[in-house]
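# Structural overview for review
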Amino acid sequence: MPQAPTLQSRRALYIGGLDSAVTEPTLRAAFLPFGPIQHIEIPMDYAQGTHKGFAFLEFVDSDDANDAIYNMDGAELFGKALTVNVAQADKMKLGSSKALWSTDDWYRESAGDKQEGENSKKVEGDEGDKATGELLG
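Residues numbered from 1 in each chain as written. Predicted model: local features only at pLDDT ≥ 70, side-chain atom pairs only at ≥ 80, totals over all residues. Heavy atoms only, no water.

## Some words on the overall build of the protein chain
- Counting secondary structure elements, the protein chain contains four helices and eight strands.
- Ordering the α and β elements of the protein chain from the N terminus gives β-α-β-β-β-β-α-β-β-β-α-α.
- Across the 137 residues that make up the protein chain, the buried fraction comes to 28%.
- In the protein chain, the proportion of contacts linking residues at least 24 apart, taken out of those at least 6 apart, comes to 65%.
- Of the accessible surface of the protein chain, which amounts to about 9,700 Å², a share of 53% is contributed by carbon and sulfur atoms. (Helix = DSSP H or I, 4+ residues; strand = E, 2+ residues; numbered from the N terminus. Buried < 20%, exposed > 50% of the residue type's maximum accessible area, 1.4 Å probe, protein only. Contact = heavy atoms within 4.5 Å. Areas by Shrake-Rupley, 256 points an atom, 1.4 Å probe, with all protein chains shown as cover.)

## So, the confidence of the model for the protein chain
- With 60% of its residues at a pLDDT of 70 or more, the protein chain shows a mean pLDDT of 77.
- Averaged pLDDT values over the elements of the protein chain bottom out at 50 in helix α3 (residues 91-94) and peak at 96 in helix α1 (residues 24-31). (pLDDT = per-residue confidence, 0-100.)

## As for the environment of Y70
- For Y70, the location among the structural elements is in helix α2 (residues 62-72).
- We classify Y70 as exposed; its relative accessible area is 71%.

## Regarding the nonpolar core
- Of all hydrophobic cores here, the largest spans 22 residues; its most connected members are I15, L27, F31, F59, L82 and V84.
- The set of elements that each furnish at least two residues to this core consists of β1 (12-16), α1, β2 (37-41), β5 (54-59), α2 and β8 (83-86).
- It is α2 that provides the largest number of residues to this core, a total of four residues.
- With sequence-adjacent residues up to four places away left out, F59 is seen in contact with R11, L13, F31, F34, G35, P36, I37, Q38, D64, A65 and A68. (Core = buried A, V, L, I, M, F, W, Y, C linked by side-chain atoms within 4.5 Å.)

## What to know about the packing of aromatic side chains
- Considering all chains together, one arrives at four aromatic pairs under this definition.
- Between the aromatic rings of F54 and F56, the centroid separation amounts to 5.8 Å while the plane-to-plane angle is 80°, which identifies the pairing as edge-to-face.
- Following the ring pairs from residue to residue traces out a cluster consisting of Y14, F54 and F56. (Phe/Tyr/Trp six-rings, centres within 6.5 Å; stacked < 30°, edge-to-face > 60°.)

So this is what it looks like as structure tokens:
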């Protein structure tokens, strides 16, 4: 079974601008001339029933990936220009092993923002009561 792409390596490519008619075999055929392909992933938009218009492709060798970038970036596939470059890891999701809320700092900041907002509402509310009280009384 193929492995998921290794985004930190220079072998994994991002391919953007895909037409809705592009399939995994189509991408494999378009990029196979540059070298053996280890893995292809085309994220799906399940609400639409199609892919999201981009894919990740990993070559066995980084030199093959560089050749693919050089030759395919800006090339047309099904009438649409492709964007091909080295895939970048999503720093928020892949770079952290801890949840955002697992630290006390996050709780303090979140609670502090809410308390400040509630305090300003109370002050405004108190002034509003005084103003209406003066008008009524």
